[in-house]
Amino acid sequence: MTTLGLLVIVSTATALLTMALGVMVPALAMGKAITQALDAIARQPESEKAIMRTLFIGLAMIESLAIYVLVIVLIVLFRNPMLEYVLTP
């Protein structure tokens, strides 16, 4: 196997692992945030609007982490900076 082929396989495997972790961790954080928000609403129903507003802002921040991971994975897959070092003599 050539160095280029090995680099492509390793970067693809790393991208898959990164994407898996980059989706699982924010999903767990979203689940925990929603659980805590529902618990807070059950304890204080009169503050539902404030809790929901804060929850949606927090969920948007958590979701942005997953989007950043996706962008970085796509950069690694389609514009891998390490390929330049392998291809130059």
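Being a predicted model, the structure only gives us computed values, none of them experimental. Residues take numbers from 1 onward in each chain, read along the sequence in its written order. Owing to the predicted nature of the model, reporting of local features is limited to residues with pLDDT of at least 70; listing and counting of side-chain atom pairs is limited to 80 or more, with chain, interface and lining totals taken over all residues. The side-chain quantities take in all heavy atoms of the structure and omit both hydrogens and water.

Draft legend 1. Structural context of the overall build of the chain. Strands here are runs of E lasting at least two residues and helices are runs of H or I lasting at least four, both read from the DSSP assignment and numbered beginning at the N terminus. Along the chain, the regular secondary structure elements total three helices and zero strands. In sequence order, the chain lays out its α and β elements as α-α-α. The rule is simple: take the accessible area with a 1.4 Å probe, protein chains only, and divide by the maximum for that residue type; under 20% is buried, over 50% is exposed, in between is partly exposed. Buried residues in the chain amount to 17% of all 89 residues. For the chain, the proportion of contacts with a sequence separation of at least 24, taken over those separated by at least 6, is 75%. We call two residues in contact whenever any of their non-hydrogen atoms come within 4.5 Å of each other.

Draft legend 2. A look at the pattern of salt bridges. Here, a salt bridge means any side-chain nitrogen of Lys or Arg that lies within 4 Å of a carboxyl oxygen of Asp or Glu. Under the definition given, this model contains one salt bridge. Between arginine 43 and aspartate 39 there is a salt bridge, with its nearest N and O atoms 3.3 Å apart. Here aspartate 39 and arginine 43 lie together in helix α1 (residues 3–43), a separation of four residues that amounts to about one turn. The class for aspartate 39 is partly exposed, based on a relative accessible area of 35%.

Draft legend 3. Layout of the side chain of serine 11. With respect to the element layout, serine 11 can be found in helix α1. Classification of serine 11 as buried rests on a relative accessible area of 12%. Residue contacts for serine 11: discarding those within four places in its chain leaves Val76, Leu77 and Asn80.

Draft legend 4. Highlighting the nonpolar core. We call a set of buried residues a nonpolar core when its members are Ala, Val, Leu, Ile, Met, Phe, Trp, Tyr or Cys and they connect through side-chain atoms within 4.5 Å of each other. By size, the foremost hydrophobic cluster in this structure holds seven residues: Met30, Ala37, Ile41, Ile51, Leu55, Leu59 and Ile62. Listed by contribution, the elements that provide at least two residues to this core are α1 and α2 (48–78). Ranked by the residues each element gives to this core, the list is headed by α2, at four residues. Contacts of alanine 37, omitting those with residues within four sequence positions, involve Ile51 and Leu55.

Draft legend 5. Quick look at the packing of α1 against α2. Put simply, α1 and α2 touch, their axes get as near as 9 Å, and they point 180° apart. Compared by their axis directions, α1 and α2 come out roughly antiparallel. Gly is placed with the polar residues, together with every amino acid not listed as nonpolar (Ala, Val, Leu, Ile, Met, Phe, Trp, Tyr, Cys and Pro) or charged (Asp, Glu, Lys and Arg). The residue inventory of the contact of α1 with α2, partitioned by class, reads 21 nonpolar, four polar and two charged. Each axis is a line fitted through C-alpha atoms, taken for helices only over the stretch in contact, and angles between the N-to-C directions span 0 to 180 degrees. Here is the rule for angles: anything less than 35 degrees is roughly parallel, anything more than 145 is roughly antiparallel, 65 through 115 is roughly perpendicular, and the remaining ranges are oblique.

Draft legend 6. View of the confidence of the model for the chain. You can read pLDDT as the predictor saying how much it trusts each residue, on a scale of 0 to 100. Across the chain, the average pLDDT comes to 87, with 90% of residues at 70 or higher. Per-element confidence in the chain is highest for α2, whose mean pLDDT is 90, and lowest for helix α3 (residues 82–87), whose mean pLDDT is 66.

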